[in-house]
Amino acid sequence: MKDKLLLLLVLVTGLCSCQKGESDYDDSPQANLDALWTIIDQRYCFLEYKEKELGFSWADIHAKYSARLNPKMSRTQLFEVLCHMLGELKDGHVNISTSLDLGRNWSWKDDYPQNLDESLRDEYLQTDYNLASGLKYRILPDNIAYVVYESFQDAIGEGNLDDMFLSLRMCNGMILDIRSNGGGNLDNVEKLASHFTNEKVLVGYRSHKTGTGHNDFSPLEAEYISPNKGVRWQKPCVVLTNRSCYSAANTFVRDMKEMPVVTIMGDYTGGGSGLPFSSEIPIGWSVRFSASPSYDAQKQQIEFGIAPDIPCSLDTEKAKQGIDSMIEEARAFMGIKN
Amino acid sequence: MNKRIVLFLNLCLLAMVAVAQDNTSLVNGKEKKDMPASVSRPLQVFTLFGGGFSNQLDTYLSPMEYTGYQLSFLTGRERMTHWADGHISFQSLLQGAFSHTKNPARTATAWGGRLAYDAGWHYHWNLTDKFSLKAGGLVGADLGFLYISRNSNNPAQGRLGIDISASAGGSYRFKIRKLPVQVKYQADLPLMGCMFSPQFGQSYYDISQGSRNHNVCFSHPGNALCFRQLLTFDLEFNRASLRFGYMGDIRQSHVNSIRMHDLNHSFMIGYVRYLKVIKRNER
C-alpha cells in the first residue's frame, strides 16, 4: 500500500511538473516600450558606435520616451512614440512593422540629393536593352557597356553573368549603375563581385554579437572574394553610386572598392552595414534591427556609407536637356583610362 | 525555478521507489518453461498518435512565447533481453511532432517540427505479480526546427543534439470488470549531451560562410533541463492492446545567451502489439 501511494505521488508530481511556461505577457504601452528598448539595448550591434557618433545615451532615451507614454494612448500614438525612439538610431535597417504602417527613419537618403533621374536612365537604356534576370544592359555609342542593377533582391545566375560579360567583351569599359539599389541578397553581391578579380581579395571583416552586453562581439573575421571560374571582366569598370545604395548594395561597393579594375563614382552610399534580424514586442509588431556588423578592408565602420573614389553628382540643368551628368562623367573617365 | 524543483523531487521519488525494492522474477516467467527462449520474450511494438498543446519560446527568433497546438506520434519497441536473468529490457523510441503556434497578440505564426530517437536499456524489478518498476538509460538524438515566417535574416532556428538520459518508470496491472488493464509510466531525463546553437547574434548566413565558433555546446540539466514523461493505460485484448494516455515533453535550453523552451502536452492514443520472435533454430 505504501508503494502504491508513493507511486501515485510520483505520477501526480510528474504531471504537475509539466506546467505551462511562465508567461510575462504585458501589452501596456510601457511594457512595449520596455521590450523594444531591451531588444535594442541587448541586440543592436551599433549601439556604442551610434551613441558616440550621434551623441545620445540609450539609457537616457528610455526615460525620454517613457515620459511620452500614458496608459490610455491609442495604438497609433504608441506607434508614433516607438518610431521616434528608434529614429534616434538613424538606421534604415531599424523598423517597426505593423499592419498599418512601417516605422522607419530614412534620413540616410531623404536628407541628401537623390542624384538619379530614372526617366533619364531609361533614355540611356532605351527600350531594346538586354535583360538578364535583374541586369539591364546595352552598349553605348562610344563602345562603353552600360549595366543597370536595381536590386540585389533580383536573382542573378552564373549563366546570366557569363553570357552578359561575353556579349560585352568587345567594349572598352563598363559602367555598372547601382544607383538607388536598396540591397537584397548577399549571395548576389558575392556572385557579381567575383567577376571583377583574378585573385582572392580581402574585402572586409564581419563580426556578430555573442551576448547581451554592448561590447559582446566575436573576433573580426576576414571576408574574401574569390575569382569566379567563369568569365571575368578585365577592363576598366565604374560603379555609379548614390545615397540610396543601401545594405547589400553598400556591401557590394565595399567589395568593388578593393577590385583593381574598379572605380567608384558618384555620391556616398547610404550605408546599412549591419545584417538585420527580426524580433517583436508584446503588442505583436515586428521589429527589425541591425544584428551583426561588417567593416571594410581597413576594419573601419561603413554603417554611414562609403565615400566614392571620384565624387560627382547629377547636374539638374543638364538633366533637363536629357543628359545624365554622372553617366557622362563616367564615360569621360573611361575615355581617359583607355 | 519551482518547476525545476518539482522535476527534481519527482526523479528523487522514482529513485527511492526503485532502490527500495528487491529483485523478483519476471511476470512472464511462467511462459519460460514451455516455450523457446526468444518466444518467451515477446516483442512489444506500439504506435501512438496524439494531439495537444504546445508552448514555444526561442529568444533567437522572438522574446515572446508562442502557443498553439501540436500533432505528434510516438512509436517504439520494447523487449526483454536474456541478460541478468531476463531482468533487462531493450527499448527504442521514435518521436515526432509538428506544432503550429501563435504569438500572444496573434499576429505571427510559428511552425515547428521535431524528430527524436532514443534507445537504451532498463532493469526491471517485479515487486508483485501486478506491479513492476524499471530504471535505466537511453541514448538519443534530436533534430528539429522552429520557423517564424515574418522574420528577416533569422526566420528559423534549427535544433540538433545528442544526449544520454536517465530513464525510470513502472507498470501496474489490474482489471476493470474482466478486462485486463495495465497502467504504465515512464520518465526520461537527459543528463548530458551536446547540442547545436548559433551564437547570440550570429546568423545562419555567417555559419554558412564558415564562422563556427561555440556552435556546439555541452548540455546538462543546468543549462538544458529537459524531461519527457508518458503515462498510458493499456486495455488488453487477445492479440493487441488499445493504449491511450498523456505525454508531456519539456525541452529547454539556455546556451549562448539564447533561451529556448518547447513545452508540449499531448493526449495520445494508439495500439500495442505483442509479437513472438521465433529464431530459425528454435522452430
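How each quantity is defined
- Residues numbered from 1 in each chain as written.
- Chains lettered and ligands numbered in written order.
- Predicted model: local features only at pLDDT ≥ 70, side-chain atom pairs only at ≥ 80, totals over all residues.
- Heavy atoms only, no water.
- Core = buried A, V, L, I, M, F, W, Y, C linked by side-chain atoms within 4.5 Å.
- Buried < 20%, exposed > 50% of the residue type's maximum accessible area, 1.4 Å probe, protein only.
- Helix = DSSP H or I, 4+ residues; strand = E, 2+ residues; numbered from the N terminus.
- Domains from an automatic or database assignment.
- Patch = residues over 30% accessible without salt bridge, like charges linked within 9 Å, V, L, I, M, F, W, Y side chains within 5 Å.
- Areas by Shrake-Rupley, 256 points an atom, 1.4 Å probe, with all protein chains shown as cover.
- Salt bridge = Lys/Arg side-chain N within 4 Å of Asp/Glu carboxyl O.
- Pairing = 2+ DSSP bridges.
- Contact = heavy atoms within 4.5 Å.
- Axes fitted to C-alpha atoms, helices over the stretch in contact; angles between N-to-C directions.

Asker: What exactly am I supposed to notice about the nonpolar core here?
Answerer: Soluble globular proteins tend to bury their nonpolar side chains together. All names here are of chain A. Core analysis: the largest hydrophobic core is formed by 83 residues, its most contacted members being Met174, Leu176, Leu192, Phe196, Phe252 and Met256. A total of seven residues in this core trace back to one element, the largest contributor, which is helix H5 (residues 75–87). Counting only domains with at least three residues in this core, you end up with domain 1 (29–107) and domain 2 (118–274 + 291–337). Among the nonpolar cores identified, the runner-up in size contains 17 residues, and Val238, Ile327, Phe333 and Met334 belong to it.

Asker: Hey, could you run me through helix H10 (residues 248–257) of chain A in this one?
Answerer: In an α-helix, one turn spans 3.6 residues; hence positions three or four apart end up facing the same way. Among the 10 residues in H10(A), nine count as buried, and that is most of the element. If you check which residues of H10(A) are buried, you get Ala248(A), Ala249(A), Asn250(A), Thr251(A), Phe252(A), Val253(A), Arg254(A), Asp255(A) and Met256(A).

Asker: Help me out: how do you make sense of a nonpolar patch on the surface in this one?
Answerer: On the surface, a nonpolar cluster with roughly 450 Å² of combined accessible area is contributed by Leu94(B), Leu115(B), Tyr117(B), Leu143(B) and Leu160(B). We classify Leu94(B) as partly exposed; its relative accessible area is 31%.

Asker: Looking at this model, I keep getting lost on the sheet that holds strand E10 (residues 262–266) of chain A. Mind explaining?
Answerer: Within a beta sheet, neighbouring strands are joined by backbone hydrogen bonds and run either parallel or antiparallel to one another. Residue and element names in this part refer to chain A. Reading across from one edge, E3-E4-E5-E6-E9-E10-E13 is the order of the seven strands in this open sheet, with mixed pairing throughout. For this open sheet the edge positions go to strand E3 (130–132) and strand E13 (310–311), each flanked by a neighbour on one side alone. In this sheet, strand E5 (residues 144–149) lies alongside strand E4 (residues 135–139) in antiparallel orientation, the contact comprising five bridges. Paired with Tyr137 across the bridge in E5 is Val147. Its contacts with the sheet put H10 on strand E6 (173–177), strand E9 (237–241) and E10, and the angle it makes with E10 is roughly 135°.

Asker: Which parts of the structure should I look at to understand the pattern of salt bridges?
Answerer: Close approach of charged atoms allows side chains with opposite charge to pair. Applying the stated rule across the entire model yields 32 salt bridges over all chains. We note a salt bridge from Arg243(A) to Asp267(A), for which the minimum N-O separation is 3.7 Å. Placement of the pair is Arg243(A) in the loop between E9 and H10 and Asp267(A) in the loop between E10 and strand E11 (274–280), with a sequence separation of 24 residues. Since its relative accessible area comes to 15%, Asp267(A) is described here as buried. We note a salt bridge from Arg251(B) to Asp142(B), for which the minimum N-O separation is 3.1 Å. Note that Arg251(B) is positioned in strand E10 (residues 240–255) and Asp142(B) in strand E5 (residues 131–148), a separation of 109 residues in sequence.

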